Amino acid sequence: MNTPLADFVRAYAGKGVSRFHMPGHKGKGPLGCEAWDITEIAGADSLYEASGIIAESEANAAALFGSGATFYSTEGSSQCIRAMLYLALAERPAGTPPVVLAARNVHKSFLYAAALLGFEPVWLWPEEGAGSLCACPVTASGLEKALDALPAPPAAVYITSPDYLGGMADMAALAEVCRRRGTLLLADNAHGAYLRFLEPSRHPLDLGADLCCDSAHKTLPVLTGGAYLHISKTAPAALRERARGALALFGSTSPSYLILSSLDLCNRCLAEEYGTLLAETIEQLAGVKARLWEKGWKLSPSDPLRLTVDAAASGWAGEELADRLRRGGVEPEYADPDYLVLMASPGNSGADWAAVLEALGEGCRPGRPRLPLPQARGERAMSPRQAVLSPQEDVPAEESLGRICGGPTVSCPPAVPIAAAGERIGPEALALFRRYGVGRVDVVKEETP
């Protein structure tokens, strides 16, 4: 597959042109990457008005992902999340309220989008208690019930899958519900760009989602910040027509050509050897998981490129295991009191996995009690927009009971809000603040008499 964007940047870097354009380093300097760091010079196209090499590269990506259209982001899935929510709201049928029905384990960027766009989130909670803040399993029947409970259809249904622990929603079943109800299905697939290249594909677009964001940089060979906004072939044409403007609304006018070039070069990788490398990696990871089971470690079901250790069931705290790995020269993705998460890709070697096995060692300890995880179903006191734009103050978390949350209160990672902007903080949220190490909270300032 051709790489028009990277080829242009490489050719320009090799010409020795005297650069009297931004950026200030002029293609020279001590970093080593300056020559490729350009701006919208003649021939370089422009991300939000793309009609040349960027548009050609995005078309290559769309062909690889089987989408109706794919657009690049250099500001991660956060930019794509805001854009796809904007599109769903802008194209909702007349009379449809600005409401989005969303599984509660959203990324904080969802709530910032609610504040910017002025929509109301209605939460989908798990039918049974979830074992982690990161998880919010939603069934098709649960979605049906939630839609029935609304006075009018929402602008969209919003699902995060895979979640931070690797849990995966039954996207095909959820898509069927949305299709019957005439409601758009939006997928935050930030952790699952690679799913398209499994046999068979498990990518949300192939399972019926209308709009989907992928953080290419999380699982594909792309520089940090590189992401995709995908629109399905069956989605309304207006979504494709307005997508670039939606991304521009939330993006910098100075997108990184280093990131764009990495997205472009990734296309060639995906078209050539990536599927084979992915299958080999998943097979290798399956072998590692089998070894860990033999050593007494308890593992949780997860997406194919993730190793999620159920630390509590294995008799440990996840943070203990993270420290143990670091002493062995291994840096994990995430740890909390109950879980340890490692994210793999074809970039990991056999030596990497050997280091994991050696650092973890034997896991034969009695399981420790898992504390019940309360659901912080805070009372809605004002809209997210009102809360985020109100005067705020920073208070100790233990003193926040009864106050109105001013902004998404998160532990990052996983950046899943414990308290949502506009909700009154209850005792359940306080318990979660303690559990996830949140010491201070932004709350709406109270008017003094």
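Just above sits the structure.
Given the structure is predicted, the values throughout are model-derived calculations rather than measurements.

(A) Fine view of the sheet that holds strand β10 (residues 339–343). Strand order in the open sheet formed by three strands is β8-β10-β9, with antiparallel pairing between adjacent strands. Two strands bound the open sheet, and with one partner strand each, they are β8 (306–310) and β9 (334–335). On the sheet, helix α11 (residues 318–327) packs against β8, β9 and β10 and is oriented at approximately 45° with respect to β10.

(B) Structural view of the pattern of salt bridges. Within the structure shown, the criterion is met by 20 salt bridges. The salt bridge partner of Glu 58 is Arg 244, with a shortest N-O separation of 2.8 Å. With Glu 58 in helix α2 (residues 53–65) and Arg 244 in helix α8 (residues 237–250), this pair connects stretches of sequence that are 186 residues apart. What makes Glu 58 buried here is its relative accessible area of 2%. With a closest N to O distance of 2.9 Å, Arg 196 and Asp 206 form a salt bridge. Of this pair, Arg 196 sits in the loop between β5 (184–188) and β6 (211–214) while Asp 206 sits in the loop between β5 and β6, and the two are 10 residues apart along the sequence.

(C) Representation of the side chain of Ser 314 within the structure. Along the chain, Ser 314 turns up in the loop between β8 and α11. Reaching out from Ser 314, the side chain makes a polar contact with the backbone nitrogen of Lys 298 at a distance of 2.9 Å. There is a polar contact of 2.9 Å between the side chain of Ser 314 and the backbone oxygen of Asp 310.

(D) The nonpolar core, seen in detail. One finds Phe 110, Tyr 158, Leu 220 and Tyr 228 to be the most contacted residues of the largest nonpolar core, which totals 70 residues. With eight residues, the top contributor of residues to this core is helix α3 (residues 76–90). Other than its neighbours up to four places away in sequence, Phe 110 contacts Ile 81, Leu 85, Val 100, Ala 102, Phe 119, Pro 121, Trp 123 and Tyr 158. Counting 24 residues, the second-largest nonpolar core is a separate cluster that includes Leu 165, Ala 429, Phe 433 and Val 441.

(E) How the structure looks around the sheet that holds strand β3 (residues 120–124). Read across the open sheet, the seven strands follow the order β1-β7-β6-β5-β4-β2-β3; overall the sheet is mixed. Each edge of the open sheet is held by one strand with a lone partner, namely β1 (69–73) and β3. The average undirected angle you get between the axes of adjacent strands in this sheet is 20°. Bridge count between β1 and strand β7 (residues 227–231): five bridges; the pairing is antiparallel. Directly across from Phe 71, in β7, lies its bridge partner Leu 229. Across the sheet, helix α9 (residues 257–271) touches β1 and β7, and the angle it forms with β1 is around 135°.

Rules behind the numbers
- Residues numbered from 1 in each chain as written.
- Predicted model: local features only at pLDDT ≥ 70, side-chain atom pairs only at ≥ 80, totals over all residues.
- Heavy atoms only, no water.
- Pairing = 2+ DSSP bridges.
- Helix = DSSP H or I, 4+ residues; strand = E, 2+ residues; numbered from the N terminus.
- Contact = heavy atoms within 4.5 Å.
- Axes fitted to C-alpha atoms, helices over the stretch in contact; angles between N-to-C directions.
- Salt bridge = Lys/Arg side-chain N within 4 Å of Asp/Glu carboxyl O.
- Buried < 20%, exposed > 50% of the residue type's maximum accessible area, 1.4 Å probe, protein only.
- Polar contact = N/O pair within 3.5 Å; in protein donor to acceptor, adjacent residues only side chain to side chain.
- Core = buried A, V, L, I, M, F, W, Y, C linked by side-chain atoms within 4.5 Å.

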